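# Overview (structure and organization)
Each chain is listed here by its residues.
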Amino acid sequence: MRAKVPGGRVVVKPHRPRYGPFALHTAMDGPMPAAEGREEIDVKNPANGEHLATIVSASQEDVRAAIYSAHEVFKLGLWSRAPAATRATVLSNLARDLEERVPELAKIETLQTGRAIREMKAQLGRLPEWLDYYASVLRTHSSFVAPTQGPLLNYVERVPLGVVAQITPFNHPLLIAIKKIAPALAAGNSVIVKPSELAPMSVIEFAEMAVAAGVPAGVLQVLPGYGRTVGKMLVSDPAVRKVDITAGTDTGRSIGKIVGANLAHYTAELGGKAPIVVFGDADVPSAVNGAAFACFVASGQTCVSGTRLLIQDEVYDEFMDGFLKKVESITSRMGNPLNPKSTMGSVISLRQLQRIEGIVQRGVGTILAGGKRMTGTSALDGFDFSQGAFFPPTVITDVPTEDDLWREEIFGPVVVVKRFSTEQEGVDLANGCKYGLGAGIWTQNLSRAHRVSALIQAGLVWVNTHHRNDPSSPWGGMKESGIGRENGIEAFEAYTQSKSTIVNIASAEETRTTQDWFAEDEAEKRYG
């Protein structure tokens, strides 16, 4: 369903009965393809199980056509060779359109993910910053002249890669998509996005907005579908020159093998098991609030979620008393995710709920809070939890470091707690994990903050805060948490490659005498 508004901008209303591939490609190639021969995906609200939309999955023909059209429009240069100022203006226009539609898109995000509306409004309210940042990069990023020896002018430019593929997850559908799309478009690439089949609606809506803002048809395309079919085919095509994914570590390894065989560029933000280290000199009330946010925002479904809570002996009892009271408060105020007063929403699906509950119940340790699926009705607003995928904030102690609860990413509101004595023990526990994406430190000791941050093996270390994100701040992991970085100049340059142009500026006479390599005289020649 579409409605025209003054000025001719197209607004796509939520709850359309059917979404399909080519959200942007349609502007060039006609209406959405019919469902015949294409798999359909039923998108449900995980908070109550209700049907939201039918997604028409891209077929093999759709994937091939999308890659072909993306490559053709790249060669035409409508976007890839457009002046940087032109691309910057389009991104800025898109940022302003996005600002206007934050309330609508936040509701879509809440409906398809089950996350609390107050989280989604806060998160989406910041997304225009990514578009504005990369618009600014385009306006300020410059080529340079290399100090090449001899009478040569060597200027170095950054040029786009070509067709790039992005695989985005369900937990932050629009945030993670825009984090990838913004630098890719800024650099001049043609972009194809495969959103999660569990939460594709907001990404499709955003792609349609981009056309209205001035992104040429075929430059940004969205292909809904499953990773095992659409995603695999997309990343396997040798015409795709970069793949950028956010996924689990096993998926990242599998895709990395495919991308490597094609000698394409690769960025992968993968799993995490973030430690939160609370030292004895921390301000305990602040640490309690910060740890609760780290552990339970997004129902624990983030790669940097605080899942291992390490507390120094001196403040262990005081911290745990405050932390468990905070957990009880969060749980008691859970309700309808669309209720602005609701503290925490559901997890993404009943299947994920069962996985979380299974890991918790099979694991060893002492469950201090939560641990089982929520049923009954909300004390906040009478919302019926039994129809949705609700799992409460869960706190577990006495978990051995070799147990899956300690070692593996659960992707839910589950935190294991362990106490430690010395600073070195805290660092060792924090690093005692195969992942290295995010970590948090709570201390009032400035020297300790810098010292411990330097020792922790993670791409992101927060001190006396958590989950802070900015378009200028590189985001990515160490160890098995991935390769490459999102955000910042690093992301922009990762969507480009350098190109040197070397110009001989010597006179014709000098060139004749110095560059005749096969001259009959014995004059000394210079090579290189």
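The model shown is predicted, which means the values in this text are computed figures rather than measured ones. (Residues numbered from 1 in each chain as written. Predicted model: local features only at pLDDT ≥ 70, side-chain atom pairs only at ≥ 80, totals over all residues. Heavy atoms only, no water.)

## Some thoughts on the overall build of the protein chain
The helix and strand tally for the protein chain stands at 17 helices and 23 strands. Here the C-alpha atoms of the protein chain give a radius of gyration of 26 Å, agreeing with the 24 Å that 2.2 N^0.38 yields for 528 residues. Counting only C-alpha atoms, the protein chain reaches 90 × 60 × 40 Å along its principal axes. Sorting the 528 residues of the protein chain into buried and exposed places 55% on the buried side. For the protein chain, long-range pairs separated by at least 24 residues make up 72% of all intrachain contacts whose partners lie at least 6 apart in sequence. Side chains of the protein chain carry 54 positive and 57 negative charges; the gap between the two charge centres is 4 Å. (Helix = DSSP H or I, 4+ residues; strand = E, 2+ residues; numbered from the N terminus. Rg over C-alpha atoms; globule rule 2.2 N^0.38 Å. Buried < 20%, exposed > 50% of the residue type's maximum accessible area, 1.4 Å probe, protein only. Contact = heavy atoms within 4.5 Å. Lys, Arg positive; Asp, Glu negative; His and termini not counted. Charge placed at Lys NZ, Arg CZ, Asp CG, Glu CD.)

## Thoughts on the layout of surface pockets
Roughly 1800 Å³ of internal volume is contained in the largest pocket. If you go around the largest pocket, you meet 50 residues; those closest to its centre are Phe170, Ser196, Glu197, Leu198 and Gln352. Going through the elements one at a time, strand E4 (40-44), helix H8 (227-236), helix H9 (249-261) and helix H12 (350-362) are the ones with two or more residues in the lining of the largest pocket. Of the residues forming the lining of the largest pocket, the biggest block, 7 residues, is contributed by H9. (1 Å grid on protein atoms, 1.4 Å probe; cavity = no way out; pocket = protein on both sides within 12 Å on 5 of 7 lines; lining within 4 Å. Points joined across faces, edges and corners; volume = space filled by probe spheres on them.)

## Observations concerning the nonpolar core
Leu131, Tyr134, Leu185 and Leu220 are the most contacted members of the largest nonpolar core, which has 58 residues in total. For this core, the leading source of residues is helix H3 (residues 84-113), giving 11 residues. In this structure tyrosine 134 touches Leu91, Ala182, Pro183, Ala186, Pro471, Asn487, Gly488, Ala491 and Phe492, once residues within four positions along its chain are discounted. Core analysis: the next-biggest nonpolar cluster, separate from the first, contains 32 residues, Val278, Ala282, Phe383 and Phe390 among them. (Core = buried A, V, L, I, M, F, W, Y, C linked by side-chain atoms within 4.5 Å.)

## Brief notes about helix H10 (residues 284-296)
Taking 1.5 Å per residue, 13 residues should reach 18 Å; H10 reaches 18 Å between its end C-alpha atoms and fits that length. If you check which residues of H10 are buried, you get Val284, Ala287, Val288, Gly290, Ala291, Ala292, Ala294, Cys295 and Phe296. Within two residues after H10, alanine 298 carries a phi angle of roughly 60°, on the positive side. (Expected span 1.5 Å × (residues − 1).)

## Points about empty space enclosed by the protein
Scanning all chains against the criterion turns up 2 cavities of 30 Å³ or more. The computed volume of the largest cavity comes to approximately 70 Å³. Elements supplying a minimum of two residues to the lining of the largest cavity: strand E13 (274-278), helix H14 (423-431), strand E18 (435-436) and strand E19 (438-442). Classifying every residue of the lining of the largest cavity gives 9 nonpolar, 5 polar and 3 charged. Lining the second largest cavity are Gly272, Gly300, Thr302, Cys303, Ser305, Thr307, Glu409, Phe411 and Gly412. Of the residues assigned to the lining of the second largest cavity, the class counts are 2 nonpolar, 6 polar and 1 charged. (Nonpolar A, V, L, I, M, F, W, Y, C, P; charged D, E, K, R; others polar.)

## A short note on the side chain of threonine 394
Mapping threonine 394 onto the fold places it in strand E16 (residues 394-397). Once residues lying within four places of it in the same chain are set aside, the contact partners of threonine 394 are Phe296, Ala369, Gly370, Gly371, Pro413, Val414 and Val415.

## Some thoughts on the sheet that holds strand E9 (residues 190-194)
Sheet architecture is open: 6 strands sit in the order E10-E9-E8-E11-E12-E22, paired in mixed fashion. Strand pairing shows two members of the sheet lacking a second neighbour, strand E10 (220-222) and strand E22 (482-483), which therefore form its edges. Across 5 bridges, strand E8 (residues 163-167) lies against E9 in parallel orientation. Bridge pairing in E9 links valine 163 to serine 190. Along the sheet face, helix H7 (residues 201-213) touches E9 and E10 and points at about 155° away from the line of E10. The strands that H8 touches are E8, E9 and strand E11 (240-246); relative to E9, the one it contacts most, it runs at about 160°. (Pairing = 2+ DSSP bridges. Axes fitted to C-alpha atoms, helices over the stretch in contact; angles between N-to-C directions.)

## Structural notes on the pairing of strand E7 (residues 152-160)
Consecutive side chains along a regular strand alternate between the two faces of the sheet. When strand E6 (residues 144-146) meets E7, the two strands line up antiparallel, connected through 3 bridges. Bridge assignment links phenylalanine 144 to a residue of E7, and that residue is valine 156. In this structure, the hairpin formed by E6 and E7 is closed by a connection of 5 residues, where glycine 150 is found at a positive phi of approximately 90°. In terms of strand pairing, E7 meets strand E23 (residues 496-504) through 9 bridges, oriented antiparallel. Paired with proline 160 across the two strands is threonine 496, which belongs to E23.

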